[in-house]
Structure formats: C-alpha cells, structure tokens
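Chains, contacts and geometry: an overview
For reference, the chains in residue letters:
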Amino acid sequence: DFASKPLVKMGLELQSVDIAVAADDSAPEGGLDQPWSDRPFDLGILNYLDAELELNAVSLNIGRFRFAPISLGAILTNGVMTMGVTKTGVYGGQAKGTVAVDVSRPEPSYALRLDLLGVRAAPLLSDLVSFNALEGRMQARIDVRGRGDNLRAIMGSLGGAVDLLVQDGEIRNVNIANMVRTLGANVVSGWQANKAERTDLSELAGFFRIKNARASTD
C-alpha cells in the first residue's frame, strides 16, 4: 500500500555488535577532545518512513566505547525519532536515557537525556576527553540539545546542563592539601604536577550549565 508512508517494525536479539567509527584522516585518533568534523550528513531518509525498532544485545562496541549489555527501543514518526536506552552496562556502571532526533524541519535538531550510575570515572573520561586525573564512582545527569547537519555545528550549538558527582576516589598527580600548606612557595614556582601525588576524596560534585558549547559552574 503506497498511499501512506511505509511502516517498518523490527526486533533484534544479538550477541556482539561492532560498529567502526570513520575518523577524519587529518585528525589523530582520540576522544571528544579532537577536532569535530564539518562534513555534512543527510538524515532526510527519516522523513520517508515510520518505524518501531527494538534491539537487545549482549555487547555493543562503537569505536572505543563498549556497552554490555544494552537494550534500546526506538519510534520514528513524521521525521522525529525517539530512542530509549535501558538496562545498559557501561564502564562498570549503568546508563539509561533518551535520544531524540528531529529532521522534520530544514535544520535537524537533537536532544539527549542520560543518567549514569556507578560508572568508573577514569576510563570514561579518558576515552571521552583523554582526561585520566580523576578516579572514583561517578553519577551524572546529562540534559543537552544541539542542532545542525554536521558534528561541528551540533557541538558548537550545544546547550543544557550536566549534574556530576564522583565518590570514593582520588585526584591524581596532585596533593591539594600539601599545595595549600605550601601555598606561597607554589605561587612562586608554579603548578608542580607530580605523578606520585594523590588527593583522596570522599565526594566531589558540580553542576555545569552549557551554552553554545561552553560549560560553566559556580
């Protein structure tokens, strides 16, 4: 029946799924700290069908990121796709949330709401932004939005908030207590990072507001 849009319904039960991420040849391999591509992509095909999808996998590998296990469902209607993620293991903890993609308008828009619970901070931050100086169990609530037809435009327009909590861990390469005790000498000699130093922490929390890809906190 071609009188209306095709409706696709699909349910997948998989073992291991590996998705390679094509990197920009001009940029070194790395995480989110590398330059964003301005190569446009076209998601217009989402306007030409409706869909209901369900995926369950023992493990899903996207580039360097591994999710095990993962369960997600997606509904696509009139160019708007909403995807929910539940029962997903990531970096020793769990993740759940929703992703919305709207291509019904000339400029696509995106929204992400994600809760992380009990994930290991050091490997996650290392893979994301090559930052491994913070260790502990991390909880985070992420609510961000962006728009555009390429990764650079999306990240450049990013807005929203991130609520972050790290517990029972350490800050590596620096001893803050010792730094405070010798504040005068440190001001004269500058920041002296030492890989042998550690600062234990029971709790570290911060709330970040994001506007036009810049995050700030009080």
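What this report covers is the structure whose coordinates are included nearby. This structure is a prediction, so every number in the text was calculated from the model and none was measured. (Residues numbered from 1 in each chain as written. Predicted model: local features only at pLDDT ≥ 70, side-chain atom pairs only at ≥ 80, totals over all residues. Heavy atoms only, no water.)

1. A closer look at the layout of surface pockets
- Here the second largest pocket defines a volume of roughly 260 Å³.
- Taken together, 15 residues form the lining of the second largest pocket, with Asp115, Leu116, Leu117, Gln139 and Ala140 sitting closest to its centre.
- Broken down by secondary-structure element, the contributors of at least two residues to the lining of the second largest pocket are β5 (80-90), β6 (93-102), β7 (109-120), β8 (134-147) and β9 (159-172).
- A per-class count over the lining of the second largest pocket returns six nonpolar, four polar and five charged. (1 Å grid on protein atoms, 1.4 Å probe; cavity = no way out; pocket = protein on both sides within 12 Å on 5 of 7 lines; lining within 4 Å. Points joined across faces, edges and corners; volume = space filled by probe spheres on them. Helix = DSSP H or I, 4+ residues; strand = E, 2+ residues; numbered from the N terminus. Nonpolar A, V, L, I, M, F, W, Y, C, P; charged D, E, K, R; others polar.)

2. Details of the side chain of Ser59
- For Ser59, the location among the structural elements is in strand β2 (residues 50-62).
- In this view, Ser59 contacts Gln15, Ser16, Val17, Arg66, Phe67 and Ala68; residues no more than four positions away in its chain are not counted. (Contact = heavy atoms within 4.5 Å.)

3. Details of helix α1 (residues 121-129)
- Restricting attention to buried positions, one finds in α1 the residues Ala121, Ala122, Leu124, Leu125 and Asp127.
- Elements in contact with the buried residues of α1: β3 (65-67), β7, β8 and β9.
- Count one or two residues on from α1 and you reach Ser130, which has phi positive near 55 degrees. (Buried < 20%, exposed > 50% of the residue type's maximum accessible area, 1.4 Å probe, protein only.)

4. Brief notes about the pattern of salt bridges
- Evaluated as defined, the whole model comprises ten salt bridges.
- With a closest N to O distance of 3.8 Å, Arg120 and Glu135 form a salt bridge. Of the two residues, Arg120 is situated in strand β7 and Glu135 in strand β8; the sequence distance between them amounts to 15 residues.
- With a relative accessible area of 38%, Arg120 lands in the partly exposed category.
- Relative accessible area serves as the criterion here: at 17%, Glu135 is assigned to the buried category.
- A salt bridge links Asp218 to Arg209; the shortest N-O distance between them is 3.9 Å.
- Asp218 sits in the exposed class, given a relative accessible area of 91%. (Salt bridge = Lys/Arg side-chain N within 4 Å of Asp/Glu carboxyl O.)

5. Overview of the environment of Leu204
- Take Leu204: it is sitting in strand β10 (residues 198-211).
- Judged by relative accessible area, Leu204 falls into the partly exposed class, the value being 37%.
- For the pair Leu204 and Met138, spaced 66 residues apart in sequence, the C-alpha to C-alpha distance is 9.4 Å.
- Leu204 has contacts with Leu134, Leu164, Leu165 and Val166, leaving out every residue within four places of it along the chain.

6. Things to note about the environment of Val101
- Its location among the elements puts Val101 in strand β6.
- The residues touching Val101, leaving out its near neighbours within four places in the chain, are Leu43, Gly79, Val80, Met81, Ser109 and Tyr110.

7. Some details on the nonpolar core
- The biggest cluster of nonpolar side chains holds 18 residues, and the ones touching the most others in it are Val90, Leu116, Val119, Leu124 and Met138.
- Elements with a contribution of two residues or more to this core: β7, α1, β8, β9 and β10.
- In contact with Met138, not counting residues within four places along its chain, are Leu116, Leu117, Gly118, Val119, Ala121, Leu124, Leu164, Leu165 and Val166. (Core = buried A, V, L, I, M, F, W, Y, C linked by side-chain atoms within 4.5 Å.)

8. What about unusual backbone geometry?
- For the bond from Ala68 to Pro69, the omega torsion is -10 degrees, close enough to zero to count as cis.
- Relative to the elements of secondary structure, Pro69 occurs in the loop between β3 and β4 (70-77).
- With phi around 50 degrees, Tyr91 is a residue other than glycine that occupies positive phi space.
- As for its position among the elements, Tyr91 is in the loop between β5 and β6.
- The buried category is assigned to Tyr91, whose relative accessible area is 16%.
- Here Asn212, not a glycine, exhibits a phi torsion of approximately 50 degrees, which is positive.

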